[in-house]
Number of protein chains: 2
Amino acid sequence: MGGGSNRIDSSPYNPDLESAFSVSEPLEIHSVSLPETKKTLSALKQGLGEFFFPDDPFHQFKNQPFFRKLVIGLQFLFPIFQWMSDYNLKLLKSDIVSGLTIASLAIPQGISYAKLANLPPIIGLYSNFVPPLIYGVLGSSRDLAVGPVSIASLVMGTMLKEEVSPTKEPTIYLQLAFTATFFAGVFQASLGFLRLGFIVDFLSKPTLIGFMGGSAIIVSLQQLKGLLGISHFTNQMGFIPVMLSVFKNREEGLRRPKLFWVSAAAPLTSVILSTVIVFSFKAQNQGINTIGQLQKGVNPPSYNMLVFQGPNLVLAIKTGVISGILSLTEGIAVGRTFASIKSYKIDGNKEMMAIGIMNMTGSCASCYVTTGSFSRSAVNYNAGSQTAVSNIIMALVVLITMLFLMPLFYYTPNVILSVIIITAVISLVDYGALIHLWKVDKLDFAACLCAFFGVIFISVQMGLTIAVGISIFKILIHVTRPNIVIMGNVPGTRNYRNLGQYKNAIRVPSFIVLGIESPVYFANSMYLQERILRWIREEEERATKMNESKITCIVLDISAVTAVDTSGIDALVELKRTLTKRSLQLVLANPLASVAEKLHISEAWQKVGSESIYMSIGEAISGVSCTFKGQQSQP
Amino acid sequence: MGGGSNRIDSSPYNPDLESAFSVSEPLEIHSVSLPETKKTLSALKQGLGEFFFPDDPFHQFKNQPFFRKLVIGLQFLFPIFQWMSDYNLKLLKSDIVSGLTIASLAIPQGISYAKLANLPPIIGLYSNFVPPLIYGVLGSSRDLAVGPVSIASLVMGTMLKEEVSPTKEPTIYLQLAFTATFFAGVFQASLGFLRLGFIVDFLSKPTLIGFMGGSAIIVSLQQLKGLLGISHFTNQMGFIPVMLSVFKNREEGLRRPKLFWVSAAAPLTSVILSTVIVFSFKAQNQGINTIGQLQKGVNPPSYNMLVFQGPNLVLAIKTGVISGILSLTEGIAVGRTFASIKSYKIDGNKEMMAIGIMNMTGSCASCYVTTGSFSRSAVNYNAGSQTAVSNIIMALVVLITMLFLMPLFYYTPNVILSVIIITAVISLVDYGALIHLWKVDKLDFAACLCAFFGVIFISVQMGLTIAVGISIFKILIHVTRPNIVIMGNVPGTRNYRNLGQYKNAIRVPSFIVLGIESPVYFANSMYLQERILRWIREEEERATKMNESKITCIVLDISAVTAVDTSGIDALVELKRTLTKRSLQLVLANPLASVAEKLHISEAWQKVGSESIYMSIGEAISGVSCTFKGQQSQP
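Rules used in this analysis
Residues numbered from 1 in each chain as written. Chains lettered and ligands numbered in written order. Predicted model: local features only at pLDDT ≥ 70, side-chain atom pairs only at ≥ 80, totals over all residues. UniProt positions renumbered as here; feature names shortened; annotations may be inferred. Helix = DSSP H or I, 4+ residues; strand = E, 2+ residues; numbered from the N terminus. Buried ≥ 20, exposed ≤ 12 C-beta atoms within 10 Å, placed from the backbone. Contact = placed C-beta atoms within 7 Å. Nonpolar A, V, L, I, M, F, W, Y, C, P; charged D, E, K, R; others polar. Pairing = 2+ DSSP bridges. Axes fitted to C-alpha atoms, helices over the stretch in contact; angles between N-to-C directions. Least-squares fit on C-alpha atoms with pLDDT ≥ 70 in both.

- By the naming in an unreviewed UniProt entry, chain A is Putative sulfate transporter 3.4, taken from Apostasia shenzhenica.
- In its Subcellular location (unreviewed entry) section, the UniProt entry covering chain A states "Membrane".

This is how it looks when you write it as structure tokens:
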């Protein structure tokens, strides 16, 4: 390999005649460009545009006649107009099948989840009627099946119960639940409207896995208490075998999409089965709790139950925000999953507004927090749903149930609801994902575990706080202790790569090439300065030991320095000064646009020396070597 | 310029004979290497080592005989042994001069700052005796002059006064102050011992500028109230002209190092002058408050005043932690500044332990929070201090004062202390820095302003919380909305650069080269996916409009993707799938070591296709073009 500066001749650059790639060949030096300087205002405008409208939602309006703009605008606000015109009988047929299927899941789930939230079972049914209708008009996902979900129900139930007893003060509890739902909706819609949807991304997948696993275990233990209390009876009645088979079928259903109907039908089947058993054996007289009388009729209005004052307002807002963000996260994640499977696009912010409006309306119509449910949407997708019409069909089925079939639930045992809940949540414990996390990313694994144990041993809110905290901490830790790598030339190329990664890469004599793999910020500027000096010390010691030529120049490859702030710039200038005192030259290679701009504005460009900033490592080494040679050849 | 794939011939690669740099020439393809896979345990060990010992503090112990190790260890723990052996009369002379100079500043400052913390003036003198002696033995900075500082005094005074009145319950207040000082010391020493020193870096310079400016204004307003109350008198006595001159001199002293003694002598001069004036005119009988009787003698022990129970414990801990981190930040920053001017190295974590132990000991000897003071260290440096002996000299002068000169302060008017405080803090308002921040970094500017107004309009603690919050938010915002740039070939080179930065760079026909300038994390994986798809849409529209060849391949330059997590990997795989469906090829260029490793472990390497991962953009384009040509030439 090339031997560095000692082989450089000072003939004029002749890149066209270069016959081999070697670090010792001089390269034509290209000056580093700066991006066009923008006025503060236009830079700000562009920055805000990128921040709030990264998806450029208005591009479809561009260059369109007025009437077309109107139509697009209507379709934008009410996605139902997008697919309505192409709707046909064939689509309707699919939607009816899938609508009926999810209804069979939604009714028992609704009753069960209402129980999880310490609410009367009828609220669960109500929540399966109004929200799906609204989502059908506003939602942009074709596969999302909305309704109450386990996590949000659990969180709402736990948080409200801490301060108000659902059995002693049922009216206040109900008022609180509706008010919290209203605030959840306001929060969700505002996130969407203010285009702050990225906030849900801070609930990273690993922390959510931990959070949901922990919640599932808490819920299951709660429900098991009730289950075990009647173990004698269930043994007699052969309940456990039934439940076991439900479990097994459900598990299989999740794994084999063709058997999805087993999983979809299991809850309704077990509800019917258990109701029939209780009815035939008159078991309700033997100490088996049943749902009992349910009032017939559609959702009564509940806007008069929203309370915006009093001592519980803070609790309602807190519960609303937390259950709101959790249900939003689930809804958005599920919507995105199925959109990506079927290759259509979902506008996250619009979805948030849809879900938010759905909950705000719901809170005025006796519904509690609803969102796109994972289990139900999976069934919906498997049953061949084509559009949001399947939600409407489901709502109609629920309507018929509420109007005519309420007496049938009289004998449904509460215990079957516990089983449905456990069955639903236990699948949230995802061992496989945990093992994957351990393999791929230890920090993700730690975040997941902390969220899991936080939920189990402290509280649901605390678990969530810990989860978000760790996610942020993970970002900070990466910024605080960034990688610095020592680089060498990859033989036969002009590329310089990490010596730890490319075993065949070779150090350039007299040079230390360091790659900084992080923005240079207040949080790491001090660390980077010290770590770079340590690298130089170690490399100098190495060069002395190996009898290599003395280090004369440090090349900092800042290709991966994606941003600097004022502290970072100060650190760079400081480093330059320190090295100059030690007669070491410092040059920079490949500053990115934003970095180059900041260096320029802050006058660090002049302080470091514009002649010390190169477009690439190769040119830097070539340029420095030539200058060096030039200096040596002077008398 | 080269015309892309259409000019490629399928002759065997011959890089040695290439005669010009052009994107159309095929390059030899080098496979992307992976870093050596390490065992989990050794990777963890290395990671923790980098995190906690980035400065490798033990390298000096390597390969040393036992006795030498012992000596180095002793020097490591007590830096006094490092310079003691080389200490001589000449150094002592310099240290005596600077010690006397800072003593003349320290005595009035000590009394004034104690007043700021609502403590008896004598505590300020005590705090100038014991802590400097301890720092002299443990500290590694040669220029740091320790003692009470304005910010920490202010914060302690404000926080404690909120709950305990210093006039009504002076003993409880004093107990609280000592206990808070003890906790400050424990906190500081623990940060150093646990090597978590990087935490002080989160108080970034811009936020500190805002925080200190706000604090200065609050303090000045407080003190001015007292000053204006006696305006009639001061007019008579010609106080204001004196003060104005003090101000002016001080300002000049900071700007012209040669006049430093003006700034250094001003406080003592004005104390002496005002004391003489009050004494001669018997002004203490005309309503001028004076310091009054001060007890002679050295620091009495105060360990019996540390209270580790009762209702105020939380307040003591809180005050200790906040004043502790603030004073630590000042001390470390000052130490680093002078170390870098004189080109010696300071071990941040060791300094923290020294400052912490100093405060823990101080709290048992009637001292309150002390640290390295900026104003005093500047004077110390200008007066030619050579080692920490100047601190010891200062302590001795303070000792003499406490033993013999206490009666002299009897007639010192309190108003002069207010003036000293205002003079000291007003220089903390740094307009110049604010303008610089506006020019270089708007977000830094915003952080600075928020901290400033937070302190002024809400509270000191809140201001600090806001400041840290914004600093963290700044990091998150960069991660949440990273840059994606479109790249082109720089003519005459194999380099690909941002088209927005290098105006002469040229797009490669049929290719879109996108550079991602950020780690790919849960917080941005969704955004990046959508933004990349938007870039592709816009570039396709552009190509159609300009009648250019159809886009067939997307090259993602991930040189600046310094890390991925599981969400990021999922997003990448997802993107590959989406593009494949649209018959677009996705290739990756230059994955860094950690990214390559993660892609490999998670099997994303196989899912993206190892043949789609290249070492550089040039090789990616060359490789893809050849494959394409090969496919076309098949029958």
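From this point, the narrative continues.
**Remarks on unusual backbone geometry**
If a residue is not glycine, its phi is most likely negative; likewise, a peptide bond is most likely trans.
Residues and elements named next belong to chain A.
Alright, step 1. Positioned with a positive phi, arginine 195 is a non-glycine residue whose angle comes to about 55°.
Alright, step 2. Along the chain, arginine 195 falls in the loop between helix H8 (170–193) and helix H9 (205–229).
Alright, step 3. The class for arginine 195 is partly exposed, based on 18 C-beta atoms found within 10 Å.
Alright, step 4. In this structure, serine 583 takes a positive phi of about 60° despite not being glycine.
Alright, step 5. Tracing the backbone shows serine 583 in the loop between helix H22 (566–581) and strand S7 (585–589).
Alright, step 6. Judged by local crowding, serine 583 falls into the exposed class, with 7 C-beta atoms found within 10 Å.

**Comments concerning the environment of B:Leu434**
All names here are of chain B.
Alright, step 1. For leucine 434, the location among the structural elements is in helix H18 (residues 431–440).
Alright, step 2. Assessed through the 19 C-beta atoms surrounding it within 10 Å, leucine 434 is described here as partly exposed.
Alright, step 3. Separated by 225 residues in the primary sequence, leucine 434 and isoleucine 209 have C-alpha atoms spaced 8.0 Å apart.
Alright, step 4. The residues contacting leucine 434, other than those within four sequence positions of it, are Ile209 and Cys448.

**Concerning the interface of chain B and chain A**
Alright, step 1. The interface is formed by 77 residues belonging to chain B together with 79 residues belonging to chain A.
Alright, step 2. For the side of chain B that touches chain A, the elements supplying multiple residues, two or more each, are helix H1 (40–52), helix H9 (205–229), H18, helix H20 (460–480), helix H21 (525–545), helix H22 (566–581) and helix H23 (593–601) of chain B.
Alright, step 3. In terms of residues, the side of chain B that touches chain A owes the most to one element, H20(B), which gives 7 residues.
Alright, step 4. Taken together, the residues of the side of chain B that touches chain A break down into 31 nonpolar, 25 polar and 21 charged.

**Re the sheet that holds strand S4 (residues 496–498) of chain B**
The strands making up a sheet associate through hydrogen bonds between their backbones, and the pairing can be parallel or antiparallel.
Residues and elements named next belong to chain B.
Alright, step 1. Taken in spatial order, the 6 strands of this open sheet run S4-S3-S5-S6-S7-S8, and their pairing is mixed. A strand with exactly one partner marks an edge of an open sheet, and here the two such strands are S4 and strand S8 (613–614).
Alright, step 2. Taken strand by strand, H21 contacts strand S3 (483–489), strand S5 (511–517) and strand S6 (553–557), and its axis lies near 150° from that of S5.

**Regarding the UniProt feature "domain: STAS" (unreviewed entry) in chain A**
Alright, step 1. In the UniProt entry, the feature "domain: STAS" (unreviewed entry) is given for residues 501–624 of chain A.
Alright, step 2. In residues 501–624 of chain A, the share of helix is 48% and the share of strand is 15%. The end C-alpha atoms are 26 Å apart.

**Regarding the relation of the copies chain B and chain A**
Alright, step 1. When chain B is fitted to chain A, the best match, at an RMSD of 0.1 Å, comes from turning it 180° and sliding it 0.0 Å along the axis. Here the two chains are linked by the operation of a two-fold rotation axis. By C-alpha distance to the rotation axis, the residue of chain B lying nearest is B:Ala560, at 2.0 Å.
Alright, step 2. Of all interface residues in chain B, 100% are interface residues in chain A too; the two copies therefore contact each other through one and the same surface.

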